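Summary of structural features
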Amino acid sequence: MNGVSSGVMISLGAYFLVMIGIGIYAYFKQANDTEGYMLGGRSLGPAVTALSAGASDMSGWLLLGLPGAMYADGVVSAWIAIGLTLGAFLNYLIVAPRLRVYTEVADNAITLPDYFANRFEDKSHLLRVISAVVIILFFTVYTAASLVGGGKLFESSLNLSYSTGLWVTAGVVVAYTLFGGFLAVSMTDFVQGIIMLFAMVIVPIVALTDLGGVSATTNAIKAIDPSMLDITSGMTVLGIVSLLAWGLGYFGQPHIIVRFMAIRSVKDIPTARNIGMSWMIISLIGACVTGIAGRAYVQKTAMTLDDPETIFLVFTQFLFHPLVSGFLLAAILAAIMSTISSQLLVVSSSLTKDVYKLFFDRDAPEARQVLVGRLSVVVVAVVAILLASNPESSVLSLVSNAWAGFGAAFGPLVIFSLTWRRMNRNGAVAGMVVGALTVILWVYGPFQMNGVPLNSWLYAIVPGFILSTIAIFAVSIMTGGPRPSVSAKFEEMEMNLDR
């Protein structure tokens, strides 16, 4: 093993040990019940909540997908970052405080399907089952997308096989998620969020310095293609809407909004919002600058870059000491693993509470439910590895499909269930089904617009979100109002928000 690989492996080895150590600590600290394993006992502080939500949100696309898009297409890809920033802010403002209060008012709901069932007093379990199916389906694809990033990292930077990267990445995540549950996931996310922030500051700064500064980098890009610095270059109104619409996805992402359910108090949410938004804005700016600087760097060095999504890896290999390179590669793993662990836990929780307990063992004791949850983590991880077996998969493409699916299926449902007391169970079912099916048909159906696939013409989350909203309003109005007990819980939520 050469010097570079040795230094990198030392840093990565230390990172892996820290993550597993946190998992062991969380195992002994948490209560051995479902609320402890799946929600951390609702005890997260604002800083852990904010960085945990941010780290689990961004995934490998922050360090791989977004810089790759900026490298390939120029600053027009910044519309994604703008949309995400607006969406995240509104999510903290509208959803976070209401969801924290209402999930506790609604019979202490632990999972999102739990909340839907309790919010609408659905005794038929239809809402719970449909939402569980959506979570299991889209999150398995989402987890696979994150694992693709891990495979690419090991293949590009450590000269190991893509499949080895998949199994090592999944193995470490499963190790701390399996034992430490939500507390371990949140604590590791906090550490990983700090690592990601450091990487997104230091890499673009060093890259710009190596290129001679901002002015020199800008001139280099202009020499390659001046349109790369024009944020409207080649963009139509629908194109801009499609990129901004990424922000709509925040309202329906279970692995993000579950953090709002777990924060220790609604009074901590403004602090969490300030921390989370600051972290996010700095990280997104860093990712965008990394991609643009990467285009200038590749031109300057006359190297060949086959995959734009590896530009961050190029900088870590050529501009930093091996030990620092290892730390920066750990930042990619941090982004990837934080998302995988959160997704595994959400799917595990849904399989346990909304499938196993509902259909197979309604009287299952808490300890048995936790055991089923841990086994589910392993099963979902293996399925995701199999789905991620193709190294040609695009991280950004896979993430965008899953993001759209959740955003359309759950986004309008979450927003209106927390802000419109007139909404009923039938409206909720209609909105969820219409949103999910619209995205699936829009992305995978044979339909085209002027010879262009629908998802290339307009991002699937836009029609999915709109049609889901229409379905919620139309069906709720046509099928009568909510039960009096639902209205009473809604009033209790509003009173608790004012305290």
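Below is a short write-up of the structure. Note on numbering: residues in each chain are counted from 1, in written sequence order. Selection of residues for local features in this predicted model requires a pLDDT of at least 70, selection of side-chain atom pairs for listing and counting requires 80 or more, and totals for whole chains, interfaces and linings are taken over all residues. Excluded from the side-chain calculation are hydrogens and water; included are all heavy atoms of the structure.

Before going further, it helps to spend a moment on the overall build of the protein chain. We count a stretch as a helix when DSSP gives it H or I for four or more residues in a row; a strand needs E for two or more, and each element gets its number in order from the N terminus. Looking only at helices and strands, the protein chain features 20 helices and 2 strands. Radius of gyration: over C-alpha atoms. The globule rule applied is 2.2 Å multiplied by the number of residues raised to the 0.38 power. Its C-alpha atoms give the protein chain a radius of gyration of 22 Å, within 12% of the compact-globule value 23 Å for 499 residues. Principal-axis analysis of the C-alpha atoms gives the protein chain an extent of 70 × 55 × 45 Å. In the protein chain, buried positions account for 60% of the 499 residues. Two residues form a contact once any of their heavy atoms are found within 4.5 Å. Taking the intrachain contacts of the protein chain between residues at least 6 apart in sequence as the baseline, contacts between residues at least 24 apart amount to 85%. Within the structure as shown, the protein chain displays about 18100 Å² of accessible surface, and the carbon and sulfur contribution to it stands at 66%. Within the protein chain, the 27 negative side-chain charges are centred at a point lying 7 Å from the centre of the 26 positive side-chain charges. Type-normalised accessible area, obtained with a 1.4 Å probe on protein chains alone, sets the label of each residue: buried when under 20%, exposed when over 50%, and partly exposed for intermediate values. Values of accessible area rely on a 1.4 Å probe in the Shrake-Rupley scheme; residue burial ignores everything except the protein chains shown. For the purpose of counting charges, residues Lys and Arg are taken to be positive, whereas Asp and Glu are taken to be negative. His and the chain ends are not included. Think of each charge as sitting on NZ of Lys, CZ of Arg, CG of Asp or CD of Glu.

On to the packing of helix 3 (residues 46-58) against helix 12 (residues 269-301). Comment: axis = line fitted to C-alpha atoms, over the contacting stretch for helices; angle = value between 0 and 180 degrees taken between N-to-C directions. Contact geometry for helix 3 and helix 12: axes closest at 8 Å, N-to-C directions at 35°. Crossing of helix 3 against helix 12: the hand is right-handed. Every residue of helix 12 that contacts helix 3 at Pro46, Ala47, Thr49, Ala50, Leu51, Gly54, Ala55, Asp57 and Met58 is listed here: Thr271, Ala272, Ile275, Gly276, Trp279, Met280 and Leu284. By the convention adopted, Pro, Cys, Tyr, Trp, Phe, Met, Ile, Leu, Val and Ala count as nonpolar, Lys, Arg, Asp and Glu as charged, and the other residues, Gly among them, as polar. Of the residues that constitute the contact of helix 3 with helix 12, the class distribution is 11 nonpolar, 4 polar and 1 charged. Helix crossings get a hand from a simple test, with the near helix turned counterclockwise from the far one by less than a right angle marking a left-handed crossing and a clockwise turn marking a right-handed one.

This next bit is on the packing of helix 4 (residues 65-73) against helix 12. It is the contact of helix 4 with helix 12, at a shortest axis distance of 7 Å, that shows an interaxial angle of 45°. In terms of orientation, helix 4 and helix 12 fall into the oblique class. Crossing angle aside, the handedness with which helix 4 passes helix 12 is right-handed. Across the interface between the two elements, Leu66, Pro67, Met70, Tyr71 and Ala72 from helix 4 touch Leu284, Ala287, Cys288, Thr290, Gly291, Ile292, Gly294, Arg295 and Val298 from helix 12. Of the residues in the contact of helix 4 with helix 12, the class split is 10 nonpolar, 3 polar and 1 charged. To sort the angles, those under 35 degrees are grouped as roughly parallel, those over 145 as roughly antiparallel, those from 65 to 115 as roughly perpendicular, and the leftovers as oblique.

Planes of paired rings set the category: under 30 degrees apart is stacked, over 60 is edge-to-face and the rest tilted, where pairs are Phe, Tyr or Trp rings (Trp by its six-membered ring) whose centres lie within 6.5 Å. A complete count under the given rule lists 12 aromatic pairs for this structure. When the ring of Tyr92 is compared with that of Phe260, the centres are 5.3 Å apart and the planes differ by 55°; the resulting orientation is tilted. Remark: Phe260 occurs in helix 11 (residues 254-262) and Tyr92 occurs in helix 5 (residues 78-105); sequence separation between them is 168 residues. One exposure class covers both Tyr92 and Phe260, and it is buried. Taken together, a centroid distance of 4.4 Å and an interplanar angle of 25° make the contact between Trp420 and Phe473 stacked. With a gap of 53 residues between them, Trp420 in the loop between helix 16 (395-419) and helix 17 (425-444) and Phe473 in helix 19 (residues 461-478) connect regions that are remote in the sequence. You can call Phe473 partly exposed: its relative accessible area is 30%. Taken together, the aromatic side chains of Tyr102, Tyr115, Phe116, Phe406 and Phe410 make up a single cluster linked through ring pairs. Between the NZ or CZ atom of Arg295 and the centre of the ring of Tyr71, over which it lies, the distance is 5.4 Å. Working rule: Lys NZ or Arg CZ, within 6 Å of ring centre, within 35 degrees of ring normal, means a charge sits over the ring.

This part is about the pattern of salt bridges. Whenever Lys or Arg places a side-chain nitrogen within 4 Å of a carboxyl oxygen from Asp or Glu, that contact is recorded as a salt bridge. On inspection of all chains with the given rule, the structure shows 4 salt bridges. Across the pair Arg425 and Asp122 runs a salt bridge, and its minimum N-O distance is 3.2 Å. Here Asp122 lies in the loop between helix 6 (112-119) and helix 7 (126-157) and Arg425 lies in helix 17, a separation of 303 residues in the sequence. Residue class for Arg425 comes out partly exposed when judged on its relative accessible area of 25%.

Next up on the list: helix 19. To estimate the expected span of a helix, count its residues, drop one, and scale the result by 1.5 Å. Its 18 residues give helix 19 an end-to-end C-alpha distance of 25 Å, which sits within 8% of 26 Å, the value for a rise of 1.5 Å per residue. Among the residues of helix 19, those classed as buried are Ile461, Val462, Pro463, Gly464, Phe465, Ser468, Thr469, Ala471, Ile472 and Ser476.

Time to look at unusual backbone geometry. Despite not being glycine, His125 has its phi angle at roughly 70°, a positive value. Inspection of the secondary structure puts His125 in the loop between helix 6 and helix 7. Residue His125 is classed as partly exposed on the basis of its relative accessible area, which comes to 23%. Located in the positive-phi region is Ala302, a residue other than glycine, with phi close to 60°. Relative to the helices and strands, Ala302 is located in the loop between helix 12 and helix 13 (311-319).

Looking now at a nonpolar patch on the surface. The patches reported here contain residues having more than 30% relative accessible area and no salt bridge. Joining distances are 9 Å for like charges and 5 Å for nonpolar side chains (Val, Leu, Ile, Met, Phe, Trp, Tyr). Taken together, the side chains of Ile20, Ile24, Tyr27, Phe28 and Phe179 define a hydrophobic patch exposed on the protein surface, amounting to about 510 Å² of accessible area. If you tally residues by element for the nonpolar patch, the top one is helix 1 (residues 3-29), at 4 residues. Assignment of secondary structure puts Phe179 in helix 8 (residues 162-211).

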